[in-house]
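Listed below, chain by chain, are the residues.
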Amino acid sequence: MNRWDTRDRPPREQFAYWREVVCAAFTPLRPAARDTRDDWSRVGLQGRVESRPFGHTTGAEIATCAQVIHHGPDEVRRVDDEVVFVNLMLDGRCVVSQDGRRSMSGPGTFSIVDATRAFTLDYLDPWRTVSFRVPAHDIPDVLRADATARAFSAATGLGAVVADTLRSSWEQASRMTDSEADAVGVAVSSLSRALSHSASTGSVSDEHGGDEELRRSIARHLERHIRFVDTSPSAIARHFAVSVRKLHQLYEDAPLTFGQTVMRVRVRGCADDLRAMRGRMTMTQLAAKWGFSDLSHLHRAFRHHLGQTPREILEQLDEDSAAWERAG
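Quantities reported herein were computed from a predicted structural model and do not represent experimental measurements.

J.: Where do I start with the sheet that holds strand S8 (residues 101-105) in this structure?
T.: Working definition: the strands of a sheet are paired by backbone hydrogen bonds and lie parallel or antiparallel to each other. With antiparallel pairing, 5 strands are arranged side by side in an open sheet as S2-S5-S10-S7-S8. With partners counted over all chains shown, the strands left at the sheet margins are strand S2 (30-32) and S8, one partner each. Ignoring which end each strand starts from, the neighbouring axes of this sheet average 15 degrees apart. Note that strand S7 (residues 94-98) and S8 share 5 bridges and pair antiparallel. Counterpart to Val-96 in the pairing with S8 is Ser-103.

J.: Would you take a moment to explain the pattern of salt bridges for this structure?
T.: A side chain with one charge can pair with a side chain of the opposite charge if their charged atoms come near. Tallied over the full model, the rule gives 19 salt bridges. With a shortest N-O distance of 2.7 Å, Asp-122 and Arg-34 are connected by a salt bridge. Of the two residues, Asp-122 sits in strand S10 (residues 119-123) while Arg-34 sits in the loop between S2 and strand S3 (47-54), which places them 88 residues apart along the sequence. Since its relative accessible area comes to 31%, Arg-34 is described here as partly exposed. Note that Asp-273 is salt-bridged to Lys-289, the shortest N-O span being 2.6 Å. Separated by 16 residues along the polypeptide, Asp-273 in helix H9 (residues 258-277) and Lys-289 in helix H10 (residues 283-289) bring together distant segments of the chain. Take Lys-289: its relative accessible area is 29%, and that puts it in the partly exposed class. Look at the salt bridges and you will find they share partners, linking Asp-99, Arg-101, Asp-114, Arg-117 and Arg-144 into a network.

J.: Would you mind showing me how to read the side chain of Thr-231 here?
T.: Mapped onto the elements, Thr-231 comes out in the loop between helix H6 (207-225) and helix H7 (233-239). At a separation of 3.2 Å, a polar atom in the side chain of Thr-231 contacts the side chain of Arg-266. Leaving out residues up to four positions away in the same chain, Thr-231 has contacts with Leu-222, Ile-226, Ile-236, Phe-258, Val-262 and Arg-266.

J.: Would you take a moment to explain H9 for this structure?
T.: The periodicity of an α-helix, 3.6 residues per turn, causes residues three or four positions apart to be oriented the same way. If you check H9, its first and last C-alpha atoms are 29 Å apart, about what 20 residues at 1.5 Å a residue would give, namely 28 Å. Residues Phe-258, Thr-261, Val-262, Val-265, Arg-266, Val-267, Gly-269, Cys-270, Ala-271, Asp-273 and Leu-274 constitute the buried set of H9. Two residues or fewer after H9 comes Arg-278, characterised by a positive phi angle close to 40 degrees.

J.: What's the story with unusual backbone geometry in this structure? I'm lost.
T.: Of all residues except glycine, most have a negative phi; of all peptide bonds, most are trans. A positive phi is found at Asp-99, a non-glycine position, where the angle reads about 60 degrees. Within the secondary structure, Asp-99 is located in the loop between S7 and S8. Phi is positive for Ala-149, close to 55 degrees, though the residue is something other than glycine.

J.: What's the story with the packing of aromatic side chains in this structure? I'm lost.
T.: For any pair of aromatic rings, the description consists of the separation of the ring centres together with the inter-plane angle of the planes. Inspection of the entire model under this criterion finds 6 aromatic pairs. When the centroid spacing of 5.4 Å and the interplanar angle of 5 degrees are considered together, the rings of Phe-15 and Trp-40 count as stacked. Here the residue Phe-15 occupies a position in helix H1 (residues 14-25), and Trp-40 occupies one in the loop between S2 and S3, the gap between them amounting to 25 residues. In this pair, the class of Phe-15 matches that of Trp-40, namely buried. Relative to Phe-132, the ring of Phe-54 lies with its centre 5.3 Å away and its plane at 40 degrees, an arrangement referred to as tilted. With Phe-54 in strand S3 and Phe-132 in strand S11 (residues 127-135), the pair connects residues that are 78 residues apart, well separated along the chain.

J.: Just checking my understanding: could you explain the packing of helix H4 (residues 157-171) against helix H5 (residues 178-194) for this structure?
T.: When two helices pack together, you describe them by how their axes are tilted relative to each other and by the distance separating the axes. Two numbers describe how H4 lies on H5: the axes approach to 10 Å, and their chain directions differ by 155 degrees. The angle between H4 and H5 falls in the class roughly antiparallel. Judged by the twist between their axes, the crossing of H4 over H5 is left-handed. Here Leu-158, Val-161, Val-162, Thr-165, Leu-166 and Ser-169 of H4 lie close against H5, whose contacting residues are Val-184, Val-188, Leu-191 and Ala-194. Along the lines of polarity and charge, the residues of the contact of H4 with H5 split into 8 nonpolar, 2 polar and no charged.

J.: Explanation requested: the environment of Met-104 in the structure shown.
T.: If you trace the backbone, Met-104 turns up in strand S8. Take Met-104: its relative accessible area is 12%, and that puts it in the buried class. In this structure the C-alpha to C-alpha distance between Met-104 and His-304, which are 200 residues apart in sequence, comes to 38 Å.

Cut-offs used in this document
Residues numbered from 1 in each chain as written. Predicted model: local features only at pLDDT ≥ 70, side-chain atom pairs only at ≥ 80, totals over all residues. Heavy atoms only, no water. Pairing = 2+ DSSP bridges. Helix = DSSP H or I, 4+ residues; strand = E, 2+ residues; numbered from the N terminus. Axes fitted to C-alpha atoms, helices over the stretch in contact; angles between N-to-C directions. Salt bridge = Lys/Arg side-chain N within 4 Å of Asp/Glu carboxyl O. Buried < 20%, exposed > 50% of the residue type's maximum accessible area, 1.4 Å probe, protein only. Polar contact = N/O pair within 3.5 Å; in protein donor to acceptor, adjacent residues only side chain to side chain. Contact = heavy atoms within 4.5 Å. Expected span 1.5 Å × (residues − 1). Phe/Tyr/Trp six-rings, centres within 6.5 Å; stacked < 30°, edge-to-face > 60°. Parallel < 35°, antiparallel > 145°, perpendicular 65-115°, else oblique. Left-handed = near helix turned anticlockwise from the far one by under 90°. Nonpolar A, V, L, I, M, F, W, Y, C, P; charged D, E, K, R; others polar.

Right, dumping it as structure tokens:
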């Protein structure tokens, strides 16, 4: 594992060191303060990079401050290896520009840039990303031509599979043998190729719209897997490649907080089970199945989210059945 950290250098040397680091770890790049070309007027720049090879690909985690990273014509001419970068955003927002396209990539998305052509990464906030450096010859020409600077959702479909692979591969990087890492590199290249069959999310420059889509993806995930996955904020944030802080921010303008959302999904699932089972499971069994600590917890949750207790739901079912029988 290779590690670089600007904090190992005096503040006055940190920006120059950062330029050396990003070029050594990735490809010729020119970082600069936002709204400038080459200037970095303040002293100091905190940034770190960790990387390791995965066969013919290379994975890395980068964390640093807001800045613009240029890869212009001069940098393209200095490229030794033709590579494509698949960048999964964990924190912060980045305006990705290449081939006349611009899109916003934030937590819950990833994007692709091709180092054989000019691109710009405008990081609007302090940011953290997992980036995989894939040989360009492993990527179909159509993907390299049409999918650069587009945001792919990390929450659903093939995009979720790619994002989960990037994230989990990097999390396990220090524990892998070389042969395991080689196999991961093959898998990352293969999944990256498959993105030629996947639709991007398009521009997500409207951050509010992006947040709403991510919230809907989280809701779908909870509804499908509420009984089988860890629904703690840290686990859900990790699954959707966002910070816990960002996860809670998603629900600041929503009717329910994240915790209330999880409980409502749990209550509705339990209520559906209650109606379907109709006496074939005890309330104690249902409470345990759906993750309630005890019967009083279950009754409070039902009253709060449904306005009915389990007993009232069953009584309503009996009344409805009797009405159907009388009508028949």
